[in-house]
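Architecture and fold: a report
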Amino acid sequence: MAVIRTVLGDIPAAEAGIALTHEHIRYAYQGCEFDHRNVWDLDTVAEEVGRAMRMMRTEYGIRTIVDLTPPDIGRHPELLAETSRRSGVHVVAATGFYAEGMGIGFYWRRKSVDYIAETLVRDLTEGMVYDNRLTPYRAGIIKTATGGMGPHPTPIGVNGRRIGPAEDRVIRAAARAQRQTGCAIGTHTQPVDYKVANPGIEMLDILEEEGADPGKVMMGHVFIFPEFEQLDALCRRGAVLQVDHVGIPWMHDSAEELDEQLAILVCRLVDRGYIDRIVFSYDRFFSHGRGPITAEEPDQENTRVPLGWLFDSFVPRLAKKGFGKAELDTVLIDNPRRILAF
Ligand SMILES: [Zn+2]
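So, a few notes on the structure that sits alongside this text.

What counts, and where the lines are drawn
- Residues numbered from 1 in each chain as written.
- Predicted model: local features only at pLDDT ≥ 70, side-chain atom pairs only at ≥ 80, totals over all residues.
- Heavy atoms only, no water.
- Helix = DSSP H or I, 4+ residues; strand = E, 2+ residues; numbered from the N terminus.
- Rg over C-alpha atoms; globule rule 2.2 N^0.38 Å.
- Buried < 20%, exposed > 50% of the residue type's maximum accessible area, 1.4 Å probe, protein only.
- Expected span 1.5 Å × (residues − 1).
- Donors = N, O, S within 2.8 Å, 3.2 Å for Na, K, Ca; no water.
- Salt bridge = Lys/Arg side-chain N within 4 Å of Asp/Glu carboxyl O.
- Contact = heavy atoms within 4.5 Å.
- Axes fitted to C-alpha atoms, helices over the stretch in contact; angles between N-to-C directions.
- Parallel < 35°, antiparallel > 145°, perpendicular 65-115°, else oblique.
- Left-handed = near helix turned anticlockwise from the far one by under 90°.
- Nonpolar A, V, L, I, M, F, W, Y, C, P; charged D, E, K, R; others polar.
- Lys, Arg positive; Asp, Glu negative; His and termini not counted.
- Polar contact = N/O pair within 3.5 Å; in protein donor to acceptor, adjacent residues only side chain to side chain.
- Phe/Tyr/Trp six-rings, centres within 6.5 Å; stacked < 30°, edge-to-face > 60°.
- Lys NZ or Arg CZ within 6 Å of the ring centre and 35° of its normal.

So, the overall build of the protein
- The helix and strand tally for the protein stands at ten helices and 14 strands.
- Taking 20 Å as the expected radius of gyration for a compact globule of 342 residues, we find that the protein reaches 18 Å, a close match to that expectation.
- Its C-alpha atoms give the protein principal-axis dimensions of roughly 50 × 50 × 45 Å.
- The 342 residues of the protein split such that 60% are buried.

Here's what the structure looks like:
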């Protein structure tokens with residue numbers, strides 16, 4: 001029977017319930033671990049984040065959160081396990097890597113595709129390593145990422161794609177690890193790149209070259225600056241589109257403006273028959289490993305989106321456009337369950 005692999009063990013897929021497919025229990029760039037202004041206490045953070053997650057479960061019925069934080073932006077296996085224990089929310093952890101501009105440490109840039117693939121598989125089957133120590137907590141999804149930090153499109157890299165050489169190796173390794181285990185892949189693409197290319201298709205090209213199943217690939221950040229035909233092209237290839245930044249006005253003037261755009265695009269996709277290709281999430285930072293807020297380190301909306309915004313604001317907005325309870329259940333429950341199970 002297909003299961004979903006959470007940090008606290010495998011659960012029957014039917015138990016996943018309402019699932020958010022792309023969140024960050026702790027988000028932290030490489031290097032912050034030796035910043036004097038970024039010393040933190042596991043118990044305090046676990047209590048704070050656990051309380052927020054418990055509220056999401058009891059008030060809004062959220063049963064599963066996919067923590068799509070790869071190790072190079074602060075994945076902390078013990079914190080994930082502890083917040084799951086304290087909240088009663090199932091947490092699916094990620095193996096994999098972030099984009100080259102912000103992640104993939106030098107050590108890993110020198111590794112072969114096969115070496116990386118083996119590491120991903122061991123994270124998924126044996127347990128994740130933290131601070132040179134094997135933990136008992138296994139990952140349940142693979143993260144891949146492409147693109148720069150904006151505001152300009154990412155320069156063209158290997159094979160004519162907006163993908164760096166280390167990203168290319170990670171994507172190939174992810175496909176091989178997926179083929180071996182059957183687990184899902186969650187991705188980060190750079191929204192600005194949709195103005196000049198379809199970075200989702202560029203990533204899918206590599207994944208499929210290596211034998212990955214596009215139906216198990218959730219493409220992230222595709223709704224921020226897309227042409228509708230780009231979304232349609234991804235659906236026709238069989239990929240899953242992740243509606244993220246609900247309530248978080250990334251590269252837009254207000255949450256209302258972006259939410260309205262998301263809602264219109266979702267309804268158009270449903271009209272084309274793609275209801276089974278859509279999942280929802282915030283991309284919220286429940287805790288953020290960072291120093292003081294400065295011009296170089298500005299505050300990010302990802303830390304502030306209200307926990308219930310999806311249900312209190314976005315779902316009513318969708319309902320006004322005819323997106324009903326049955327569609328909502330498909331997107332929040334049926335699709336994540338099918339994609340995450342292996
Ligand atoms: Zn994210």
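Some words on helix H9 (residues 309–320)
- Compared with the 16 Å implied by 1.5 Å per residue over twelve residues, the 16 Å span of H9 between its first and last C-alpha is a close match.
- Among the residues making up H9, those that are buried are Trp 309, Leu 310, Phe 311, Phe 314, Val 315, Arg 317 and Leu 318.

Some details on the environment of Gly 324
- In this structure, Gly 324 sits in the loop between H9 and helix H10 (325–340).
- Assessed through its relative accessible area of 28%, Gly 324 is described here as partly exposed.
- In the structure, Gly 324 is positioned 41 residues away from Asp 283 in sequence and 23 Å away in space, judged by C-alpha atoms.

Points about the coordination of the zinc ion
- Taken together, His 22 (NE2), His 24 (NE2) and Asp 283 (OD) make up the full set of protein donors to the zinc ion, lying 2.0 to 2.3 Å away.
- One chain supplies every donor to the zinc ion, and in sequence these donors are spaced H-x1-H-x258-D. Of the two residues, His 22 sits in strand E3 (residues 18–23) while Asp 283 sits in the loop between strand E13 (278–280) and strand E14 (288–289), which places them 261 residues apart along the sequence.
- Among the residues examined, His 22 registers a relative accessible area of 1% and is labelled buried.

Let's talk about the pattern of salt bridges
- Under the defined criterion, the tally for this structure stands at 29 salt bridges.
- A salt bridge links Asp 123 to Arg 75, with the shortest nitrogen-to-oxygen separation between them at 3.0 Å. Taken together, the residues span a long stretch of sequence, with Asp 123 in helix H4 (residues 113–125) and Arg 75 in the loop between strand E5 (62–67) and helix H2 (77–87) at a distance of 48 residues. Residue Asp 123 shares its accessibility class with Arg 75, and that shared class is buried.
- Salt-bridge contacts for Arg 176 lead to Glu 210; the nearest nitrogen and oxygen are separated by 2.9 Å. Residue Arg 176 is found in helix H5 (residues 165–181), and its partner Glu 210 is found in the loop between helix H6 (199–209) and strand E11 (217–219); the two are separated by 34 residues along the sequence.

Focus: the side chain of His 288
- Mapped onto the elements of the fold, His 288 is located in strand E14.
- The class for His 288 is buried, based on a relative accessible area of 18%.
- Not counting the four nearest positions on each side in its chain, His 288 is found in contact with Tyr 27, Gln 300 and Thr 303.

Digging into the packing of helix H8 (residues 255–271) against H9
- At a minimum axis distance of 9 Å, the contact between H8 and H9 shows a crossing angle of 50°. Compared by their axis directions, H8 and H9 come out oblique. At the point where H8 passes H9, the crossing takes the right-handed sense. Side by side, H8 and H9 meet where Ala 255, Glu 256, Asp 259, Glu 260, Leu 262, Ala 263, Val 266 and Cys 267 of the first sit next to Trp 309, Ser 313, Phe 314, Arg 317 and Leu 318 of the second.
- Residue composition of the contact of H8 with H9, by class: eight nonpolar, one polar and four charged.

Topic: the side chain of Arg 162
- As for its placement among the helices and strands, Arg 162 is situated in the loop between strand E9 (141–145) and H5.
- For the buried Arg 162, no salt bridge is present, and the opposite-charge side chain at shortest range is Glu 202, 5.0 Å distant.
- For Arg 162, the side chain forms a polar contact with the main-chain oxygen of Thr 154, separated by 2.7 Å.
- The contact partners of Arg 162, leaving out residues within four places of it in the chain, are Thr 146, Gly 147, Pro 153, Thr 154, Pro 155, Ile 156, Gly 157, Glu 167, Asp 193, Val 196, Ala 197 and Glu 202.

As for the packing of aromatic side chains
- Here the structure, examined in full by the defined rule, presents eight aromatic pairs.
- Taking the centre distance of 5.4 Å and the plane angle of 55° together, the rings of Phe 97 and Trp 108 count as tilted. In this pair, Phe 97 is assigned in the loop between strand E6 (90–96) and helix H3 (106–109) and Trp 108 in helix H3, connecting sequence segments eleven residues apart.
- On the accessibility criterion, Trp 108 (22% relative accessible area) is partly exposed.
- With centroids separated by 5.2 Å and ring planes inclined at 80°, the aromatic side chains of Tyr 107 and Trp 108 adopt a geometry described as edge-to-face.
- Taken together, Phe 97, Tyr 107, Trp 108 and Tyr 115 form an aromatic cluster joined through their ring pairs.
- Stacked on the ring of Tyr 115, the Lys or Arg Lys 111 has its end atom at 4.5 Å from the ring centre.
- The positively charged end of Lys 195 is found above the aromatic ring belonging to Phe 225, 4.1 Å away from the centroid.

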